[in-house]
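The residues making up each chain are set out below.
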Amino acid sequence: MKIARIFKAAILVTASILFLACCSLFSFSGVSASADTGTDESYVAEEGDEGINPRLFTSLSLAINCGDGKVWATVKNDFTLFPSTVIVIVMLYSSDTYAESFEYMDYVCANVSNDLDMGNTLTVESPTGGEEKFWLARMRYKINNDDWESKQTTACRISADGEFLGYV
């Protein structure tokens with residue numbers, strides 16, 4: 001009897017340690033922007049890992065892409081450890097001149113999801129309007145009862161045909 005209790009206690013302690021280790025693995029996420037150009041004339045600037053964010057159980061990524069006379073922004077729920085309600089708004093902004101923030105750009109369009117489940121994406125798309133401009137993608141999100149948060153990509157220059165022309 002005594003050995004069975006000790007064995008059960010050891011299993012419980014081991015399971016608790018493994019659970020805490022898994023939680024700590026998913027506790028680090030933040031924002032950075034990187035660029036990737038492909039052969040299909042598309043551009044990608046994504047939110048990634050840099051810095052520490054106290055949110056433990058949800059990881060969202062934001063990307064801006066272009067091609068075929070269009071620009072689009074995509075938010076993906078990369079990972080959610082426990083069931084959560086993830087409200088997401090994805091927006092596109094443009095400007096004739098370079099701006100580091102959406103606040104100095106013109107709002108173009110948006111799309112909303114009242115619960116973006118893990119593995120799913122939310123996209124918004126706009127034609128370039130036949131003009132070379134700077135474009136920026138932004139997301140606002142709220143997870144469960146947390147406060148609203150916001151992330152944005154780096155502004156990029158896109159041609160009238162939807163070709164990525166670089167930064168500044």
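Caption draft 1: Molecular detail of the state of the cysteines. In this structure the tally under the stated criterion is zero disulfides. No disulfide involves cysteine 156; its sulfur sits 6.3 Å from the nearest other cysteine sulfur, which is in cysteine 66. Take cysteine 156: its relative accessible area is 0%, and that puts it in the buried class.

Caption draft 2: Here's a closer look at the confidence of the model for the chain. Across the chain, pLDDT averages 79, with 70% of residues at or above 70. For residues 20-55, every residue scores under 50 in pLDDT, and the model assigns this stretch 72 contacts once sequence neighbours within four places are set aside.

Caption draft 3: Fine view of the pairing of strand β4 (residues 70-80). Pairing between strand β3 (residues 58-67) and β4: ten bridges, direction antiparallel. For leucine 60, the partnering residue across the bridge sits in β4 and is asparagine 77. What sits between β3 and β4 in their antiparallel hairpin is a turn of two residues, with aspartate 68 showing a positive phi close to 55 degrees. Sheet topology note: the β4/strand β7 (residues 121-127) ladder contains seven bridges and is antiparallel. Bridge pairing in β7 links alanine 73 to valine 124.

Caption draft 4: Spatial organisation of unusual backbone geometry. Phi is positive for aspartate 68, close to 55 degrees, though the residue is something other than glycine. Its place among the elements puts aspartate 68 in the loop between β3 and β4. Owing to a relative accessible area of 70%, aspartate 68 belongs among the exposed residues under this scheme. Although it is not a glycine, asparagine 144 sits at a positive phi angle of roughly 55 degrees. With respect to the element layout, asparagine 144 can be found in the loop between β8 (133-143) and β9 (149-152).

Caption draft 5: Spotlight on the packing of aromatic side chains. Going through the model one piece at a time under the given rule, you end up with four aromatic pairs. When the ring of tyrosine 93 is compared with that of tyrosine 107, the centres are 5.9 Å apart and the planes differ by 70 degrees; the resulting orientation is edge-to-face. Note that tyrosine 93 is positioned in strand β5 (residues 86-95) and tyrosine 107 in strand β6 (residues 106-113), a separation of 14 residues in sequence. Linked through ring pairs, Tyr93, Phe102 and Tyr107 together constitute an aromatic cluster. Of note, arginine 138 hangs over the ring of phenylalanine 102, and the distance from its end group to the ring centre comes to 3.7 Å.

Criteria and cut-off values
- Residues numbered from 1 in each chain as written.
- Predicted model: local features only at pLDDT ≥ 70, side-chain atom pairs only at ≥ 80, totals over all residues.
- Heavy atoms only, no water.
- Disulfide = S-S within 2.5 Å.
- Buried < 20%, exposed > 50% of the residue type's maximum accessible area, 1.4 Å probe, protein only.
- pLDDT = per-residue confidence, 0-100.
- Contact = heavy atoms within 4.5 Å.
- Pairing = 2+ DSSP bridges.
- Helix = DSSP H or I, 4+ residues; strand = E, 2+ residues; numbered from the N terminus.
- Phe/Tyr/Trp six-rings, centres within 6.5 Å; stacked < 30°, edge-to-face > 60°.
- Lys NZ or Arg CZ within 6 Å of the ring centre and 35° of its normal.

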